[in-house]
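# Observations on the model geometry
Letter by letter, the chains look like this.
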Amino acid sequence: MTPWRTDLALEQHQGLGSELPGVECIEDEREGLPLTTVRVTSPQGAQALGKPEGTYHTLDLTAMTRREEGAMARAVEALRGLLTPLLPQQGEVLVVGLGNRAITPDAVGPKTCDHTLVTRHLVEMLPQHFGHFRPVSALAAGVLGTTGVESGELALAVVERLHPAAVIAVDALCARQVERLCATVQVGDTGISPGSGVGNHRFSLDKNTLGVPVIALGVPTVVEGATLCADLLSQAGGQVPEDLPGGELLVTPKDIDQRIEDMGRLLGRAVSLALQPALTPEELEALVG
């Protein structure tokens, strides 16, 4: 049994280290940023990879962490380009920010909601001025420990009330490699399980549970302690034992506050521009900051 734990389809594929039947891996780039797409095309591939059948894009955002000039704008455009073909062409969209706002590594979902342009109320109340906008609503669902309600159940209740054409779910993930923390975003079309990044799987948000397509945006914010130990031992040429300590520890960057703020702004802008293609980045900046 592998000691490495990851929520990223790319890392899972790399960790298996072999050609898998029913799994395709394609390397490309968007806006100068490395892009890897893993497609799971059969039940056999899904079982081997441990991921549902579907498409998983992994966009490398190292340029942002290095503060390269124009990196944020390029990342927004690249992510927007990945989201657009996954979205229905019309109809209301609900953005669900999963996670606990009070715990910084888990706050990427709520932060994304903060930077998403919500328009549903404006379209309904002032159609003469905002009727050309796509209706968008946002829900920062909170977590079971603070609300007493599963975030998936809250999302389902809102979906049943609003009847959106699609849901975009945003959550924190767990990575294998420290270098990927807040420097990668995974875009998938198979939904998401809230709490997966901290090993706390809950009510899944997908087409089966919500009844509408669910696009998942995930940002790795933590590495499991045992996984980090295994990687360090492997790099040093040492023997990796089956039972490593640190399985209950989660490691995150020391500047996680700023990184989560950057990721929330990036995802919120990309989602908003994908949903409102007539807006320019400058116009969006004036509306949501």
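Residues numbered from 1 in each chain as written. Predicted model: local features only at pLDDT ≥ 70, side-chain atom pairs only at ≥ 80, totals over all residues. Heavy atoms only, no water.

This brings us to the nonpolar core. Judged by nonpolar contacts, the single largest core of 43 residues is most densely connected at Leu59, Leu61, Leu79, Ile168, Leu217, Leu266 and Leu267. Of all the secondary structure elements, the ones that give two or more residues to this core are strand E2 (33–40), helix H3 (62–65), helix H4 (71–83), strand E4 (93–98), strand E6 (166–175), strand E7 (184–188), strand E8 (214–224) and helix H12 (256–275). Counting residues per element, this core draws most heavily on H12, at 10 residues. The residues touching Leu266, leaving out its near neighbours within four places in the chain, are Leu61, Met64, Met72, Ala75, Val76 and Leu79. Membership of the second largest hydrophobic core comes to 20 residues, among which are Ala155, Ala169, Ala175 and Leu210. (Core = buried A, V, L, I, M, F, W, Y, C linked by side-chain atoms within 4.5 Å. Buried < 20%, exposed > 50% of the residue type's maximum accessible area, 1.4 Å probe, protein only. Helix = DSSP H or I, 4+ residues; strand = E, 2+ residues; numbered from the N terminus. Contact = heavy atoms within 4.5 Å.)

Taken as a whole and assessed by the stated rule, the structure comprises 14 salt bridges. One salt bridge in this structure joins Glu68 and Arg66, with 2.6 Å as the shortest N-O distance. On the basis of relative accessible area, Glu68 is assigned to the partly exposed category, the value being 31%. Put simply, Glu124 and Arg120 hold a salt bridge, and the shortest N to O gap is 3.4 Å. Residue Glu124 and its partner Arg120 are both found in helix H6 (residues 120–125); the two are separated by 4 residues, about one turn of the helix. By relative accessible area, which is 26% here, Arg120 ends up partly exposed. Beyond isolated ion pairs, a larger network of salt bridges with shared partners links Arg67, Lys111, Glu261, Asp262 and Arg265. (Salt bridge = Lys/Arg side-chain N within 4 Å of Asp/Glu carboxyl O.)

Relative to the assigned elements, Thr65 resides in helix H3. On the basis of relative accessibility, which here comes to 37%, the residue Thr65 falls in the partly exposed class. For the pair Thr65 and Cys182, spaced 117 residues apart in sequence, the C-alpha separation works out to 8.0 Å. Those residues in contact with Thr65 that lie beyond four places of it in its chain are Cys182 and Ala183. Here Thr62 takes part through its backbone oxygen, which lies 2.7 Å from a polar atom of the side chain of Thr65. (Polar contact = N/O pair within 3.5 Å; in protein donor to acceptor, adjacent residues only side chain to side chain.)

Each turn of an α-helix holds 3.6 residues, which means side chains three or four residues apart point in the same direction. The complete set of buried residues in helix H1 (residues 9–16) reads Ala9, Leu10, Glu11 and His13. Residues of H1 that are buried sit in contact with strand E1 (23–30), E2, helix H2 (43–49), strand E3 (54–60), E6 and E7. Downstream of H1 by one or two residues, Gly17 has phi in the positive range, about 65 degrees.

In this fold, Val76 is placed in helix H4. Overall, the relative accessible area of 7% leaves Val76 in the buried class. Measuring from C-alpha to C-alpha, the distance between Val76 and Leu273 comes to 8.5 Å, with 197 residues separating the pair along the chain. Sequence-distant contacts of Val76, defined by excluding residues within four places in its chain, comprise Leu266, Arg269, Ala270 and Leu273.

Fair warning: the whole summary comes from geometry, so function is off the table for now.
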